[in-house]
Amino acid sequence: MTRLVICVLLCVASFVQGGHEKYEGHQLYRVAGLSEQIRGLEASLDILSAKPAARSESGKLEALIRLAPEEKEQWLHYFHRNNMMYTKIADNLAEIFRKEEAEIQSKKAAAKRSGKSMSWDTYYRHEEINAYLDELAEEHPDLVTVVNAGLSFEGRQIKYVRISSTRFENLRKPVIVIDAMAHAREWVTTPVAMYIIHQLVVEAPESPLTQSIDWIIIPVVNPDGYEYSIDVDRLWRKTRSTAHDGADECPGVDVNRNFDHHWGTAPNSANPCSIIYEGPSAFSEPETRVVRSAVTSSLERTSLYISLHSYGNMFLYAWGNNGTLPQNGLILHLVGVNMATAIDELALDEANRYIVGNAANVLYYTTGTSRDWTKAVGIPLTYTLELPGYDYLFEVPAKYVEQIVTETWAGIAVGAQYVLSTW
Ligand SMILES: *[C@@H]1O[C@H](CO)[C@@H](O)[C@H](O)[C@H]1NC(C)=O
């Protein structure tokens with residue numbers, strides 16, 4: 001009995017994931033189809049991600065979908081009938097998640113043994129990340145301020161850091177805002193945000209990027225969803241809010257459809273059970289409001305906003321709602337290409353090259369995104385950055401984290417240098 005209690009306590013304290021059984025025998029498929037075809041699947045299938053198809057299928061989209069054993073036959077038949085090419089890429093999701101969990105546990109134990117509070121080869125829980133941010137602010141009070149920006153729907157503290165050598169008081173400096181983990185299952189986004197903080201504060205605090213720019217970085221926008229994706233359902237994407245009609249059956253709102261930009265104009269996003277549910281009103285979610293308050297806090301001098309997502313190797317810019325370009329479309333494209341090129345130069349051989357483009361043209365129409373909203377409120381350069389996927393595309397094994405954080409920092413640094421050179 002005592003041993004059981006001890007185990008329960010220890011297990012709860014470490015990175016114990018759960019709920020993998022529900023994915024026993026589930027397979028992952030890559031399916032190519034026309035943009036409308038892929039969008040049409042959204043209502044009935046779990047589309048993990050979508051991106052432009054390979055050159056041989058040009059003009060089409062490629063979606064990563066999950067099929068339960070009992071739905072497999074019917075859907076493969078459907079794809080076949082509709083001329084949608086498909087390939088199986090993983091056989092048993094539950095097994096992949098168990099392997100991921102074991103890898104995370106062992107890497108975290110190793111980091112602890114070597115006395116590090118954070119390492120770049122694994123994933124951390126929300127509380128550990130918050131504790132690390134507070135620690136960093138204590139160690140670097142001249143550079144780092146932690147803002148307790150608000151509580152998530154379930155009451156978790158959402159924190160962001162302000163990094164500034166002049167306490168945000170020099171109004172002649174440009175500001176860069178970066179957020180991560182708006183979508184719960186996109187785990188690799190948070191280490192990327194943490195690594196940017198680490199570079200600015202610990203590795204190179206004297207560099208012009210730290211000294212001449214003020215930074216706002218939100219490493220975990222959606223902690224409820226993140227924790228839920230660790231404990232219960234690895235593929236959870238939305239928040240965990242229950243403040244909308246239909247929440248009993250389908251809790252959660254897609255943070256990246258909840259911003260006030262053409263909100264409420266996409267039928268696909270109006271259904272609470274959709275993975276892209278926009279919420280009962282624009283900014284209904286406390287998580288979305290935290291991003292809004294961070295963005296508006298220094299809006300006049302904010303020149304670059306990047307929302308970190310996973311996966312697909314893409315820099316996407318406005319307008320996602322109708323596929324037209326903003327006035328500075330050319331600049332948006334060029335800066336995106338420069339950042340992407342810097343990343344590609346460091347990428348692994350097996351990695352896909354980055355694609356840079358208008359979100360609606362590269363992918364599909366979207367409404368209520370943070371990228372379009374931040375652009376509309378006046379930030380000149382705003383992007384959705386889809387990080388690389390590797391083996392299982394959406395689920396990024398911890399062994400790739402270090403590669404991804406390093407190469408992505410190189411791209412962000414190029415964006416920041418552009419901001420400085422034109423400010
Ligand atoms: C597309 O959407 C943007 C953002 O709302 C708007 O400024 C622009 O006028 C729209 N263009 C067209 C052709 O509707």
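Just so it is clear, the structure is predicted and the values come from calculations on it, not from any experiment.

1. Digging into the state of the cysteines
Scanning the model with the defined rule gives 1 disulfide in all. Covalent S-S linkage joins cysteine 250 and cysteine 273, the inter-sulfur distance amounting to 1.9 Å. Judged by the sign of its S-S torsion, about 85°, the bond between cysteine 250 and cysteine 273 is right-handed. Placement of cysteine 250 in the loop between helix 8 (223-231) and helix 9 (286-296) and of cysteine 273 in the loop between helix 8 and helix 9 is noted, with a sequence separation of 23 residues between them. Assessed through its relative accessible area of 11%, cysteine 250 is described here as buried.

2. A short note on the layout of surface pockets
Approximately 350 Å³ is the volume attributed to the second largest pocket. Contributing to the lining of the second largest pocket are 19 residues, with Asp46, Arg66, Trp236, Cys273 and Ile275 lying nearest its centre. Looking at the lining of the second largest pocket residue by residue, the class counts come to 9 nonpolar, 2 polar and 8 charged. Domain assignment of the residues forming the lining of the second largest pocket places at least three in each of domain 1 (25-91) and domain 2 (97-233 + 263-422).

3. Some points on the UniProt feature "active site" (unreviewed entry) in the protein chain
The positions UniProt marks with the feature "active site" (unreviewed entry) are Glu386. Mapped onto the fold, glutamate 386 is located in strand 12 (residues 381-387). Those residues in contact with glutamate 386 that lie beyond four places of it in its chain are His309, Ser310, Tyr311, Gly312, Asn313, Met314, Leu316 and Tyr354. Within the structure, glutamate 386 has its side chain in polar contact with the backbone nitrogen of tyrosine 311 (distance 3.4 Å).

4. A look at the packing of helix 6 (residues 189-203) against helix 13 (residues 401-422)
Working note: a packed helix pair is described by the angle between its axes plus the distance between those axes. For the pair helix 6 and helix 13, the least separation of the axes is 9 Å and the interaxial angle reads 60°. As judged from the angle between their axes, helix 6 and helix 13 are oblique. In terms of crossing hand, the pair formed by helix 6 and helix 13 is right-handed. Contacts between helix 6 and helix 13 involve Pro191, Val192, Tyr195, Ile196, Gln199 and Leu200 on the former and, on the latter, Val401, Ile404, Val405, Thr406, Thr408, Trp409 and Ile412. When the residues that make up the contact of helix 6 with helix 13 are grouped by side-chain class, the tally is 10 nonpolar, 3 polar and no charged.

5. What to know about the domain arrangement of the protein chain
Along its sequence, the protein chain is organised into domain 1 (25-91) and domain 2 (97-233 + 263-422). Each of domain 1 and domain 2 has a C-alpha centre, and these two points are 27 Å apart. Each side of the interface is counted separately: domain 1 has 16 residues, and domain 2 has 16 residues. Taken together, the two surfaces of domain 1 and domain 2 that pack against each other cover about 1,500 Å², and 57% of this comes from carbon and sulfur. The largest per-residue losses of area from domain 1 upon contact with domain 2 belong to Arg39, Glu42 and Lys51, which jointly make up 36% of the total buried on that side. In this assembly, domain 1 and domain 2 are joined by 0 salt bridges.

6. Let's talk about the sheet that holds strand 11 (residues 355-358)
Whether parallel or antiparallel, the strands of a sheet pair through hydrogen bonds between backbone atoms. Spatially, 8 strands are ordered 5-6-8-7-9-12-10-11 in an open sheet, and the strand pairing comes out mixed. The open sheet has two free edges, formed respectively by strand 5 (144-151) and strand 11, since each of these has just one partner strand. Across this sheet, the average inter-strand angle for adjacent strands is 20°, counted without regard to direction. Direction of pairing for strand 6 (residues 157-163) relative to strand 8 (residues 214-218): antiparallel, over a ladder of 3 bridges. In the strand pairing of strand 8, arginine 162 is matched with isoleucine 216. Running at roughly 35° to strand 12, helix 10 (residues 329-346) makes contact with strand 9 (302-310), strand 10 (314-317), strand 11 and strand 12 of the sheet.

Procedures and definitions
Residues numbered from 1 in each chain as written. Predicted model: local features only at pLDDT ≥ 70, side-chain atom pairs only at ≥ 80, totals over all residues. Heavy atoms only, no water. Disulfide = S-S within 2.5 Å. Helix = DSSP H or I, 4+ residues; strand = E, 2+ residues; numbered from the N terminus. Buried < 20%, exposed > 50% of the residue type's maximum accessible area, 1.4 Å probe, protein only. 1 Å grid on protein atoms, 1.4 Å probe; cavity = no way out; pocket = protein on both sides within 12 Å on 5 of 7 lines; lining within 4 Å. Points joined across faces, edges and corners; volume = space filled by probe spheres on them. Nonpolar A, V, L, I, M, F, W, Y, C, P; charged D, E, K, R; others polar. Domains from an automatic or database assignment. UniProt positions renumbered as here; feature names shortened; annotations may be inferred. Contact = heavy atoms within 4.5 Å. Polar contact = N/O pair within 3.5 Å; in protein donor to acceptor, adjacent residues only side chain to side chain. Axes fitted to C-alpha atoms, helices over the stretch in contact; angles between N-to-C directions. Parallel < 35°, antiparallel > 145°, perpendicular 65-115°, else oblique. Left-handed = near helix turned anticlockwise from the far one by under 90°. Buried area = accessible area lost by both parts, 1.4 Å probe. Salt bridge = Lys/Arg side-chain N within 4 Å of Asp/Glu carboxyl O. Pairing = 2+ DSSP bridges.

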